[in-house]
Amino acid sequence: MTQVLQMAFLPLTDVAVLAVAREQGFAEEEGLAIDLVRTTSWATLRDRLVYGQVQAAQMLAPLAVAVTLGLSQQPAALAAPYKLSVNGNMLVMAPQFAQALEPDLGRRLADPLGTAHDFAAAIGLWRRKPVIGIVHRFSSHAIMVRYWLASAGIDPDRDVVLRVLPPSLTVEAMRAGEIDGFIAGEPWGSAAVNAGLAETVAIGERIWQRGVEKVLAFRQDWLDANPETTDRLLRALARAAAWCDDPAHHEALAELLASPRYVDLPAELIARALSGRIVARQGEAPVDSPDFMLFAREATGFPWRSQALWIYSQLVRWGMVTHDRETAARAAAVFRPDVFRRALADSGLPMPGASMKLEGAVKAPMAVGTHRGGLTLGPDRFFDGRIFDPDQIEDFLREFAMRR
Amino acid sequence: MRIVIIDDSGLRATVLEEGLREAGYDDIHIVPPHGAFVARLERMAPDVVLMDLGSPSRDTLEEMLMVSRALARPIAMFVDQSDDAMIGAAIDAGVSAYVVDGLRKERVKPVLELAVRRFNAFARMQSELDEARTALADRKTIDRAKAILMNQRGLAEQEAYALLRSSAMNQGKKIVDVAQALITASDLLGGGL
């Protein structure tokens with residue numbers, strides 16, 4: 001009998017794996033019917049998951065950690081056994097603001113550290129604090145833009161205004177002059193560039209080469225009570241993810257996501273992130289960014305506990321949570337590599353042998369130890385060259401000049 | 001108790017406000033979620049904020065509740081987390097309520113219950129309105145198809161309708177779908193009308 005699973009999502013390109021699992025029959029092959037519930041705001045998506053209106057959701061990885069730690073309304077233990085995407089964000093600013101930055105877009109995007117310092121100068125030239133839209137306090141975008149700004153001595157809580165608004169409202173807010181720029185998942189940055197309202201200032205992939213983005217989140221009690229359904233869903237998603245990563249499918253994928261049921265923006269805008277050809281300023285040739293968004297390769301779906309801890313370290317850094325061992329352990333436990341391994345044991349996918357690794361230490365593609373098959377991890381460096389050792393959170397945090 | 005309703009839809013907010021006033025609450029304000037609504041809300045210092053669960057402005061509002069210095073007391077969604085039935089009803093009805101810390105649950109519960117009833121009533125009104133609109137659009141489509149049949153086949157109006165109905169029954173379709181197919185075919189064939 002086909003089992004119906006309800007899942008909530010936001011209109012973003014990285015809903016791709018869920019959409020394809022449903023539309024290309026991967027879920028059906030596993031005896032699952034996926035009912036995708038479109039929501040506008042992360043608060044609504046969170047509540048639908050926490051209060052049981054849906055069984056799973058496409059969630060910002062930091063939000064899953066924050067809900068579990070009781071930082072975002074009703075506390076609930078969430079579990080993320082699968083990452084839906086890596087990378088895919090873009091910081092865009094109004095052209096008038098970007099005038100003070102390096103005009104050559106290739107050079108600007110290739111040098112995030114230099115651009116961060118230019119950004120500091122641009123704030124000085126701006127008539128007031130620039131207002132930067134972020135999609136949520138507990139988003140990978142907010143964490144990334146804070147990390148990047150702070151590297152140039154810009155205090156994200158003092159020198160700029162971070163304003164929260166859902167991704168699908170960003171372009172209209174630019175048009176209305178309510179924000180001077182924003183960082184959001186695609187295709188919203190491309191939509192703003194395409195409308196001539198903004199140009200690209202930084203690309204997520206150049207800030208952290210393998211940045212954790214969306215996870216598939218469940219309530220932990222539901223996950224524990226439904227191991228068989230969970231495993232079938234993960235198998236369907238792994239096959240859907242491989243389909244999404246295949247360049248031969250990018251055009252069809254862009255068309256699918258363009259539908260009003262999903263993102264409801266032109267396929268041409270959605271295709272830019274999929275193919276890694278980013279138009280950074282209206283009317284200019286695209287900049288190549290081949291790792292702009294990953295779905296499957298390099299075991300993208302594998303939820304490294306060290307990545308949950310990296311997120312946690314940044315929440316501690318900005319004073320959003322107080323560090324102690326017990327809290328760190330609860331944050332790490334949100335990511336569930338054990339469930340990933342159980343579900344995909346027979347899938348033929350290369351399976352990492354460890355659950356934690358150093359983050360930011362891979363400079364060039366590197367083969368790693370696996371239980372089966374060859375797994376090559378892509379470069380995962382942070383633009384400032386820092387390396388995160390999940391066993392040394394206190395030392396890592398002490399290195400930051402700017403922290404709370 | 002000061003209650004602020006954040007809502008785009010004039011109608012839903014009015015339906016809710018009327019209900020609250022009838023129940024004896026008189027310190028009620030409606031704030032549309034545009035522009036500097038967060039600053040307005042801060043000045044009002046509400047005890048309870050009611051809004052549509054699906055409102056895109058909830059992320060903005062929650063961020064404000066988290067960082068605001070003007071609001072002395074923290075605000076959380078739903079006051080009594082132990083009342084699962086109440087929360088379930090609110091979520092199903094699409095109500096989200098932010099309540100200041102320290103407000104007794106006996107005082108908040110009737111407000112929430114009322115909001116749930118009014119949101120449900122509004123949703124019913126909305127769906128009845130949608131149905132009425134659909135019915136009107138359907139009737140127009142069927143009228144056009146009838147006109148085509150009357151014109152092309154020289155039928156009387158009742159005969160044209162009977163033909164549409166029997167075709168629909170034979171094909172297991174709705175009359176409006178058969179009518180739409182006929183109109184499309186007629187347009188493709190340059191049949192005018």
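Because the structure is a prediction, the values reported are computed rather than measured.

**Concerning the overall build of chain A**
Here is step 1: Along its length, chain A carries 19 helices and 16 strands.
Here is step 2: Radius of gyration (C-alpha) of chain A: 20 Å, near the 22 Å computed for a compact globule of 404 residues.
Here is step 3: Principal-axis analysis of the C-alpha atoms places the extent of chain A at approximately 60 × 45 × 40 Å.
Here is step 4: Across the 404 residues of chain A, 55% fall into the buried class.
Here is step 5: Long-range contacts, defined here as pairs at least 24 residues apart, represent 74% of the contacts in chain A between residues at least 6 apart.

**Digging into the confidence of the model for chain B**
In low-pLDDT segments, the atomic positions of the prediction should not be examined closely.
Residue and element names in this part refer to chain B.
Here is step 1: Per-residue confidence for chain B gives a mean pLDDT of 86; residues scoring 70 or more make up 93%.
Here is step 2: Element-level mean pLDDT values for chain B span from 70 in strand S4 (residues 75–77) up to 93 in strand S2 (residues 28–31).
Here is step 3: Across the interface, the model reports ipTM at 0.86; the global pTM reads 0.88.

**A word on the packing of helix H5 (residues 105–153) of chain B against helix H6 (residues 157–171) of chain B**
All names here are of chain B.
Here is step 1: Remark: H5 packs on H6, axes separated minimally by 9 Å, with the N-to-C direction vectors making an angle of 110°. As summarised for this structure, H5 and H6 are arranged roughly perpendicular, according to the angle between their axes. Crossing of H5 against H6: the hand is right-handed. On H6, the residues that touch Ile142, Ala145, Lys146, Leu149 and Met150 of H5 are Glu157, Ala160, Tyr161, Leu163 and Leu164.
Here is step 2: Each residue belonging to the contact of H5 with H6 can be placed in one class, and the counts come to 8 nonpolar, no polar and 2 charged.

**Side note on the domain arrangement of chain B**
Here is step 1: Annotation of chain B at the domain level lists domain 1 (3–128) and domain 2 (131–188).
Here is step 2: Spacing between the C-alpha centres of domain 1 of chain B and domain 2 of chain B amounts to 46 Å.

**Here's the deal with the interface of chain A and chain B**
Here is step 1: On the side of chain B, 14 residues touch chain A, which itself brings 17 residues to the contact.
Here is step 2: Among the residues forming the side of chain A that touches chain B, the class breakdown is 7 nonpolar, 8 polar and 2 charged.

**Remarks on the sheet that holds strand S10 (residues 199–203) of chain A**
Residues and elements named next belong to chain A.
Here is step 1: In space, the 5 strands of this open sheet follow the order S8-S7-S9-S6-S10, with mixed pairing throughout. The open sheet has two edge strands, strand S8 (161–164) and S10, and neither has a second partner. Shown here is a sheet whose adjacent strand axes are inclined to one another by a mean of 25°, direction ignored.
Here is step 2: The pairing of strand S6 (residues 89–93) with strand S9 (residues 181–185) spans 5 bridges and is classified as antiparallel.

**Topic: the environment of Ser57(B)**
Residue and element names in this part refer to chain B.
Here is step 1: As for its position among the elements, Ser57 is in the loop between strand S3 (48–52) and helix H3 (58–67).
Here is step 2: Along the chain, Ser57 and Asp7 lie 50 residues apart, while their C-alpha atoms are 9.5 Å from each other.
Here is step 3: Among all residues touching Ser57, those that are not within four sequence positions of it are Ile6 and Pro33.

**Quick look at the environment of Gly31(A)**
All names here are of chain A.
Here is step 1: Relative to the assigned elements, Gly31 resides in the loop between helix H2 (26–29) and strand S2 (32–38).
Here is step 2: Residue classification places Gly31 among the partly exposed residues on the basis of 13 C-beta atoms within 10 Å.
Here is step 3: Put simply, Gly31 and Val4 are 27 residues apart on the chain and 9.0 Å apart in space, counted from C-alpha to C-alpha.
Here is step 4: Setting aside chain neighbours within four positions, we find Gly31 in contact with Thr2, Gln3 and Arg232.

**Looking at unusual backbone geometry**
Residues and elements named next belong to chain A.
Here is step 1: Between Glu186 and Pro187 the backbone carries a cis peptide bond, its omega angle lying at 5°.
Here is step 2: On the secondary structure map, Pro187 appears in the loop between S9 and helix H10 (188–194).
Here is step 3: Of note in this structure, Asn87 is not a glycine but carries a positive phi near 65°.
Here is step 4: Although it is not a glycine, Glu298 adopts a positive phi angle of roughly 60°.
Here is step 5: Inspection of the secondary structure assignment puts Glu298 in the loop between strand S14 (293–294) and helix H16 (305–317).
Here is step 6: Using a count of 21 C-beta atoms within 10 Å as the deciding quantity, one classes Glu298 as buried.

**What about the nonpolar core?**
Here is step 1: The biggest cluster of nonpolar side chains holds 176 residues, and the ones touching the most others in it are Val17(A), Ala64(A), Ala80(A), Ala217(A), Leu237(A) and Ala97(B).
Here is step 2: A total of 9 residues in this core trace back to one element, the largest contributor, which is helix H13 (residues 227–245) of chain A.
Here is step 3: Not counting residues up to four positions away in its chain, the partners in contact with Val17(A) are Leu84(A), Leu237(A), Ala240(A), Ala241(A), Cys244(A) and Phe295(A).
Here is step 4: Counting 7 residues, the second-largest nonpolar core is a separate cluster that includes Ile142(B), Ala145(B), Leu149(B) and Val178(B).

**Focus on the domain arrangement of chain A**
Residue and element names in this part refer to chain A.
Here is step 1: Assigned domains of chain A: these are domain 1 (3–85 + 213–264 + 299–344) and domain 2 (89–210 + 265–288).
Here is step 2: Just the C-alpha atoms count here: the centres of domain 1 and domain 2 sit 25 Å apart.
Here is step 3: Listed by partner, the interface residues are 28 residues for domain 1 and 22 residues for domain 2.
Here is step 4: Looking at the side of domain 1 that touches domain 2, the elements with two or more residues in it are helix H4 (61–68), helix H14 (250–258) and H16.
Here is step 5: Looking at side-chain class alone, the side of domain 1 that touches domain 2 contains 17 nonpolar, 6 polar and 5 charged residues.

**Digging into helix H1 (residues 10–22) of chain B**
Here is step 1: Taking 1.5 Å of rise per residue, 13 residues should cover 18 Å, and H1(B) covers 18 Å from first to last C-alpha, within 8% of that figure.
Here is step 2: Phi turns positive one or two residues past the end of H1(B), at Gly24(B), with a value near 100°.

**Section: the sheet that holds S2(A)**
Residues and elements named next belong to chain A.
Here is step 1: Sheet architecture is open: 5 strands sit in the order S2-S1-S3-S11-S4, paired in mixed fashion. Bordering the open sheet on either side are S2 and strand S4 (78–83), each of which pairs with just one other strand. In this sheet, neighbouring strand axes are inclined to one another by 35° on average, regardless of whether the strands run parallel or antiparallel.
Here is step 2: Here S4 pairs with strand S11 (residues 214–219) via 4 bridges, running antiparallel. Bridge pairing links Tyr82 to Leu216 in S11.
Here is step 3: Helix-sheet contacts for helix H3 (residues 42–50) involve strand S1 (3–9), S2, strand S3 (56–60) and S11, and the interaxial angle to S3 is about 140°.

About the thresholds
Residues numbered from 1 in each chain as written. Chains lettered and ligands numbered in written order. Predicted model: local features only at pLDDT ≥ 70, side-chain atom pairs only at ≥ 80, totals over all residues. Helix = DSSP H or I, 4+ residues; strand = E, 2+ residues; numbered from the N terminus. Rg over C-alpha atoms; globule rule 2.2 N^0.38 Å. Buried ≥ 20, exposed ≤ 12 C-beta atoms within 10 Å, placed from the backbone. Contact = placed C-beta atoms within 7 Å. pLDDT = per-residue confidence, 0-100. Axes fitted to C-alpha atoms, helices over the stretch in contact; angles between N-to-C directions. Parallel < 35°, antiparallel > 145°, perpendicular 65-115°, else oblique. Left-handed = near helix turned anticlockwise from the far one by under 90°. Nonpolar A, V, L, I, M, F, W, Y, C, P; charged D, E, K, R; others polar. Domains from an automatic or database assignment. Pairing = 2+ DSSP bridges. Core = buried A, V, L, I, M, F, W, Y, C linked by C-beta atoms within 7 Å. Expected span 1.5 Å × (residues − 1).

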